[in-house]
Amino acid sequence: MARAARRRDGHLAQERMLEEAMAAIAENGLAALTMSALAERLGTSGGHILYYFGSKDLLLLEALRWSEAALAEERTALLARRLTAERKLDLFLQLYLPRGPRDARWMLWIELWARTPSNEALHRAQEEMDQGWQDDLAALLAKGVERGRFAPMDTAARADELLALLDGLSTRVVLGQRGTDHDRALVSARSAARRLIGLPE
């Protein structure tokens, strides 16, 4: 059983619950994640977890928010680095794509995508997280255009197109579709980026 961090009042830290939920998803898949199973991993009760999150759906959403917040920090650091626009774009692609079929973040995304049409709050949360990626990629492309590394373009439109393609590749990786893994998806993403942005082969 994982040792769980506790606050001074003896309660489990919410961040620890989210961290353990993501670890459980990566190990056993989303379908196997139940409140009782997570509680056992944490050495607490399912009721204690529900006290903080209210439902499994909200726990999953908060786990995704927590994961995305960490990636947002990585994107901010990436954009601030002294690298060529081409190198930054390549690192952005690597950051976006799942590491493999058991990537917990992407398993959550696919699960929650299926629920957004009937859940307005979930839909808004998804759009908010998506917008962060969109804005950062558009800013990266704009800086590349400004410095003459990329040809003039509608950076918002190109960012939207590239992210849509990355979503498709990522879904194939997570579903374990034949002939698609992280490395092959990255090769495809790089090729698509070159075509969309007009970079030389």
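Residues numbered from 1 in each chain as written. Predicted model: local features only at pLDDT ≥ 70, side-chain atom pairs only at ≥ 80, totals over all residues. Heavy atoms only, no water.

Here the focus is the side chain of R16. When you line up the elements, R16 lands in helix α1 (residues 14–28). Among the polar contacts listed, one links the side chain of R16 to the side chain of E19, at a separation of 2.6 Å. (Helix = DSSP H or I, 4+ residues; strand = E, 2+ residues; numbered from the N terminus. Polar contact = N/O pair within 3.5 Å; in protein donor to acceptor, adjacent residues only side chain to side chain.)

The first and last C-alpha atoms of helix α4 (residues 56–80) sit 36 Å apart over 25 residues, in line with the 36 Å expected at 1.5 Å per residue. Every buried residue of α4 is listed here: L59, L60, L61, A63, L64, S67, E68, L71, R75 and L78. Against the buried residues of α4 lie α1, α2 (35–42), α3 (46–53), α5 (85–96), α6 (104–113) and α7 (120–146). (Expected span 1.5 Å × (residues − 1). Buried < 20%, exposed > 50% of the residue type's maximum accessible area, 1.4 Å probe, protein only. Contact = heavy atoms within 4.5 Å.)

For the structure on display, the rule yields one cavity of 30 Å³ or more. Volume-wise, the largest cavity comes out at about 40 Å³. Surrounding the largest cavity, E68, Y96, R105, W106, W109, W113, D130, W133 and D167 form its lining. When contributions to the lining of the largest cavity are tallied by element, the ones reaching two or more residues are α6 and α7. (1 Å grid on protein atoms, 1.4 Å probe; cavity = no way out; pocket = protein on both sides within 12 Å on 5 of 7 lines; lining within 4 Å. Points joined across faces, edges and corners; volume = space filled by probe spheres on them.)

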